[in-house]
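The lines below spell out each chain.
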Amino acid sequence: MYRQLSKLVQPAMACQARMASTAIVKPELQLFGIAGRHAHALFSAASLSKKLDTVEKEVQKVKSLIGTDPVFALFLNNPTFSRTQKTEEVKRVAKSLKLSDTTTNFLASLGENNRLPQTVEIVNAFESLMSSSRGEVTCVVTSAAELTGAQGKEGEG
């Protein structure tokens, strides 16, 4: 009887172990809305594939491309192109930029869900998650008097 029970329990334990290793990774900062939901999904996927830093650099590259290439930016926001057309074009751009599978799949997912117009907001949200995961805090310093060069450097560091 013990052998029969152990045969039943072992696969269940193996399945549980696999599920634990692929559990969704949640950063300390919780963001909401469309941008937050997609940023969390990207953070989780990048964390599971152990490519957080790579994905961060890649999405910053995409954000920069959107800011510097008006044709690409207009394409992402153009409602006359179908989801399929946008998805295929984004995959082609990702391939030309030599982006990782995680980033390429993420951009394809945005295309399939018609969320490419929100790419910059999603990348900004992802950058916030990355800053939070590194323990960085953004602050604004207001001073009654102008800071000296040394004081400014001290505040930055």
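Preceding block: the structure.
Residues numbered from 1 in each chain as written. Predicted model: local features only at pLDDT ≥ 70, side-chain atom pairs only at ≥ 80, totals over all residues. Heavy atoms only, no water.

**Q** How should I be thinking about the overall build of the protein in this particular structure?
**A** From N to C terminus, the protein includes eight helices and zero strands. Secondary structure elements of the protein, listed N to C terminal, follow the sequence α-α-α-α-α-α-α-α. Out of the 157 residues in the protein, the part that is buried amounts to 29%. Restricting the contact set of the protein to residue pairs at least 6 apart, pairs at least 24 apart contribute 67%. Total accessible area on the protein stands at roughly 10,900 Å², and carbon and sulfur atoms take up 56% of it. (Helix = DSSP H or I, 4+ residues; strand = E, 2+ residues; numbered from the N terminus. Buried < 20%, exposed > 50% of the residue type's maximum accessible area, 1.4 Å probe, protein only. Contact = heavy atoms within 4.5 Å. Areas by Shrake-Rupley, 256 points an atom, 1.4 Å probe, with all protein chains shown as cover.)

**Q** How do you make sense of helix α3 (residues 52–68) when you look at a structure like this?
**A** Given 3.6 residues to a turn, an α-helix orients residues that are three or four positions apart in the same direction. Across its 17 residues, α3 extends 24 Å between first and last C-alpha, which sits within 8% of the 24 Å expected from 1.5 Å per residue. For α3, the full list of buried residues reads V55, E56, E58, V59, V62 and I66. The inward-facing, buried residues of α3 contact α2 (33–48), α4 (70–77), α6 (101–112) and α7 (119–133). (Expected span 1.5 Å × (residues − 1).)

**Q** Honestly, the pattern of salt bridges in this entry has me stumped. Any pointers?
**A** Between side chains of opposite charge, a pair can form as their charged atoms come close. Summed over all chains, the structure comprises two salt bridges. Residue K63 is joined to E127 by a salt bridge in which the shortest nitrogen-to-oxygen separation is 3.2 Å. Of the two residues, K63 sits in helix α3 while E127 sits in helix α7, which places them 64 residues apart along the sequence. You can call K63 partly exposed: its relative accessible area is 26%. (Salt bridge = Lys/Arg side-chain N within 4 Å of Asp/Glu carboxyl O.)

**Q** Teacher, can you tell me more about the side chain of T119 here?
**A** For T119, the location among the structural elements is in helix α7. Given the relative accessible area of 2%, T119 is considered buried. Engagement of the side chain of T119 in a polar contact is seen with the backbone oxygen of L116, the distance being 2.6 Å. Here T119 is in contact with V62, I66, L76 and L110, once residues within four sequence places are set aside. (Polar contact = N/O pair within 3.5 Å; in protein donor to acceptor, adjacent residues only side chain to side chain.)

**Q** Sorry, what's going on with unusual backbone geometry here?
**A** What is expected of a backbone is that most residues other than glycine have negative phi and most peptide bonds are trans. The phi dihedral of K50 falls on the positive side, at around 60°, and the residue is not glycine. Here K50 shows up in the loop between α2 and α3.

**Q** Would you take a moment to explain the packing of α3 against α6 for this structure?
**A** Geometrically, a packed helix pair is captured by the angle between its two axes and the distance between the axes. Running from N to C, α3 and α6 point in directions that differ by 45°, and their axes come no closer than 9 Å. When the axis of α3 is compared with that of α6, the two are oblique. Handedness of the α3/α6 crossing: right-handed. Judged by residue contacts, V55, E58, V59 and V62 of α3 engage T102, T103 and L107 from α6. Class assignment for the residues of the contact of α3 with α6 results in four nonpolar, two polar and one charged. (Axes fitted to C-alpha atoms, helices over the stretch in contact; angles between N-to-C directions. Parallel < 35°, antiparallel > 145°, perpendicular 65-115°, else oblique. Left-handed = near helix turned anticlockwise from the far one by under 90°. Nonpolar A, V, L, I, M, F, W, Y, C, P; charged D, E, K, R; others polar.)

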